[in-house]
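# Understanding the architecture of this molecule
Here is how the chains run, residue by residue.
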Amino acid sequence: VRNRTSIEAVIREYGLTAEDLRMAPLDAVLAPIKAVWKALTSRAGAGGVLPSDAELMNEKVEAFNKSLGVEVLRSKAADTTSNLIDVHLTGTDKYTVQGALDMLLNMYQGRDRAREDALVHEAVGLLQAQTQGALDELNRYEQAYVEYSTGPAAQALAGQQLRNPGEAAPGGVSPPTAKLRG
């Protein structure tokens, strides 16, 4: 959920500033004062240097992370954790925060689905390779059987088939017989 790329996308989409995000009510009260102070102390030409876009984004991401809460919920049925998480975001405008959190969670679910899809494709590829290997081995055994059953040994035995035990095979060769001692 705390993926920086996703957070930056949400910040850009909603035009969030560090002041839009807060952890405590005191931060919301102090935000305008901090903004004025920052503007006064960071003017270019007055000895200060304007912050870069990267620095501003870092500040926004840090504020977003501070205002984002993620907790694993305890199972009500057992003394273990469940597979549920509580994700909440605090900010000064509840509609903006609601939309931002919705976008962040949708991006998280999309990444999760993409990861699952990748695992499924990997498993399918592995199973296909194993299946192909088994088919190749079966084909080799089948070919060996065909060669054995049509080879010289099979041709030598071809006319030696018996119709009934003790009866001569076609071709006039008498079958081997055993004499019982009596």
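We now turn to the structure provided with this report. (Residues numbered from 1 in each chain as written. Predicted model: local features only at pLDDT ≥ 70, side-chain atom pairs only at ≥ 80, totals over all residues. Heavy atoms only, no water.)

### Regarding the nonpolar core
- Ile11, Leu16, Phe64, Leu68, Leu89 and Leu104 are the most contacted members of the largest nonpolar core, which totals 18 residues.
- Counting residues per element, the ones that place at least two in this core are helix 1 (4–14), helix 3 (53–67), strand 2 (81–89) and helix 4 (94–150).
- Ignoring anything within four residues of it in the chain, the contact list for Leu104 reads Val1, Ser6, Ile7, Val10, Phe64 and Leu68. (Core = buried A, V, L, I, M, F, W, Y, C linked by side-chain atoms within 4.5 Å. Buried < 20%, exposed > 50% of the residue type's maximum accessible area, 1.4 Å probe, protein only. Helix = DSSP H or I, 4+ residues; strand = E, 2+ residues; numbered from the N terminus. Contact = heavy atoms within 4.5 Å.)

### What about helix 4?
- In a regular helix each residue adds 1.5 Å, so 57 residues correspond to 84 Å; helix 4 covers 82 Å between its end C-alpha atoms and thus fits that length.
- Among the residues making up helix 4, those that are buried are Val97, Gly99, Ala100, Leu101 and Leu104. (Expected span 1.5 Å × (residues − 1).)

### As for the packing of helix 1 against helix 3
- Where helix 1 meets helix 3, the closest approach of the two axes is 10 Å, and the angle between their N-to-C directions is 100 degrees. Classified by the angle their axes make, helix 1 and helix 3 are roughly perpendicular. In this structure, helix 1 uses Arg4, Ile7, Glu8, Val10, Ile11 and Arg12 to contact helix 3, whose residues at the interface are Met57, Asn58, Lys60, Val61, Phe64 and Asn65.
- When grouped by side-chain class, the residues that make up the contact of helix 1 with helix 3 number six nonpolar, two polar and four charged. (Axes fitted to C-alpha atoms, helices over the stretch in contact; angles between N-to-C directions. Parallel < 35°, antiparallel > 145°, perpendicular 65-115°, else oblique. Nonpolar A, V, L, I, M, F, W, Y, C, P; charged D, E, K, R; others polar.)

### Here's the deal with the side chain of Ser67
- Mapped onto the elements, Ser67 comes out in helix 3.
- Here Phe64 takes part through its backbone oxygen, which lies 3.0 Å from a polar atom of the side chain of Ser67. (Polar contact = N/O pair within 3.5 Å; in protein donor to acceptor, adjacent residues only side chain to side chain.)

### Remarks on the environment of Val29
- Note that Val29 resides in helix 2 (residues 25–41).
- Classification of Val29 as exposed rests on a relative accessible area of 56%.
- For the pair formed by Val29 and Glu19, sequence separation is ten residues and the distance between their alpha carbons is 9.8 Å.

### Thoughts on the side chain of Ser6
- Residue position: Ser6 is located in helix 1.
- At 2.6 Å, the side chain of Ser6 and the side chain of Arg111 are in polar contact.

### Examining the packing of helix 1 against helix 4
- Their axes nearest at 10 Å, the elements helix 1 and helix 4 cross at an angle of 145 degrees. Relative to helix 4, helix 1 is oriented so that their crossing is right-handed. Seen from helix 1, the contacting residues are Ser6, Ile7, Ala9, Val10, Glu13 and Tyr14; seen from helix 4, they are Thr96, Gly99, Ala100, Met103, Leu104, Met107 and Arg111.
- Its residues assigned to classes, the contact of helix 1 with helix 4 comprises eight nonpolar, three polar and two charged. (Left-handed = near helix turned anticlockwise from the far one by under 90°.)

### Structural notes on helix 3
- Helix length check: helix 3, at 15 residues, gives a terminal C-alpha distance of 21 Å against a target of 21 Å (1.5 Å per residue), a fit within 8%.
- Listing the buried residues of helix 3 in full gives Met57, Val61, Ala63, Phe64 and Ser67. The arc that holds every buried residue of helix 3, seen down its axis, measures 165 degrees, which confines them to one face. (Arc of directions from axis to C-beta.)

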